[in-house]
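Results of the structural survey
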Amino acid sequence: MNKQLTKVEEQLMQVLWELNEASVQEIINKLPNPKPAYNTVSTIIRILETKNFVSHKPKGRGYIYFPLIQKNDYSNQSLHKIVDSYFGGSFKNMVSFFVDKNDVDFKELDIIMKVINDKKTEK
């Protein structure tokens, strides 16, 4: 999967990932105000289907939509794209950037190191 979502598509996917499956109206109900028009959301959902991010099943006179791609899979792919595009493919460069530019404190660094060490011991 190398497809990227637009900001609006990603917003709808976030709702679908949260709900697991939903009608267009249920998706709209979860979106912040001002609510988009029904036809707008329906059109974007159909675009997500053509990109193979979403599928549907019939329910009554309408459809229930559900994600075909897990949030973790998309997040991982997106993160790799950012690392490749902005940090020369190096996670070390990315972490160094965030430490330098975002005032990461020692407590956060300790938590990050604990996560890394826990992953090492799992392997």
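So, how was this worked out
- Residues numbered from 1 in each chain as written.
- Predicted model: local features only at pLDDT ≥ 70, side-chain atom pairs only at ≥ 80, totals over all residues.
- Heavy atoms only, no water.
- Helix = DSSP H or I, 4+ residues; strand = E, 2+ residues; numbered from the N terminus.
- Buried < 20%, exposed > 50% of the residue type's maximum accessible area, 1.4 Å probe, protein only.
- Contact = heavy atoms within 4.5 Å.
- Axes fitted to C-alpha atoms, helices over the stretch in contact; angles between N-to-C directions.
- Parallel < 35°, antiparallel > 145°, perpendicular 65-115°, else oblique.
- Nonpolar A, V, L, I, M, F, W, Y, C, P; charged D, E, K, R; others polar.
- Patch = residues over 30% accessible without salt bridge, like charges linked within 9 Å, V, L, I, M, F, W, Y side chains within 5 Å.
- Areas by Shrake-Rupley, 256 points an atom, 1.4 Å probe, with all protein chains shown as cover.
- Salt bridge = Lys/Arg side-chain N within 4 Å of Asp/Glu carboxyl O.
- Core = buried A, V, L, I, M, F, W, Y, C linked by side-chain atoms within 4.5 Å.
- Pairing = 2+ DSSP bridges.

**Details of the environment of Asn52**
Considering the arrangement of structural elements, one finds Asn52 in the loop between α3 (38-50) and β1 (54-59). Owing to a relative accessible area of 46%, Asn52 belongs among the partly exposed residues under this scheme. Not counting the four nearest positions on each side in its chain, Asn52 is found in contact with Lys3, Leu68 and Ile69.

**Digging into the packing of helix α1 (residues 7-19) against α3**
With their axes 10 Å apart at the nearest point, α1 and α3 run at an angle of 85 degrees to one another. Classified by the angle their axes make, α1 and α3 are roughly perpendicular. Within the contact between the two elements, α1 uses Val8, Glu9, Leu12, Met13 and Leu16 and α3 uses Val41, Ile44, Ile45, Ile47 and Leu48. When grouped by side-chain class, the residues that make up the contact of α1 with α3 number 9 nonpolar, no polar and 1 charged.

**Side note on a nonpolar patch on the surface**
There is a patch of nonpolar side chains on the surface, built from Ile112, Met113 and Ile116 and spanning about 250 Å² of accessible area. Secondary-structure assignment places Met113 in helix α6 (residues 106-122).

**Quick notes on the nonpolar core**
Residues Leu12, Ile27, Val41, Ile45, Leu48, Phe53 and Val54 are the most contacted members of the largest nonpolar core, which totals 20 residues. For this core, the secondary structure elements donating two or more residues are α1, α2 (24-30) and α3. Per-element accounting of this core gives the leading share, 5 residues, to α1. The residues contacting Ile27, other than those within four sequence positions of it, are Leu12, Val15, Leu16, Ala22, Val41 and Ile45.

**Focus on the pairing of strand β2 (residues 62-67)**
Of the strand pairs in this sheet, β1 and β2 are connected by 6 bridges, and their pairing is antiparallel. Looking at the pairing, Lys57 lines up with Ile64 of β2. Linking β1 back to β2 in an antiparallel pair, the connection comprises 2 residues, with Gly60 at a positive phi of about 60 degrees.

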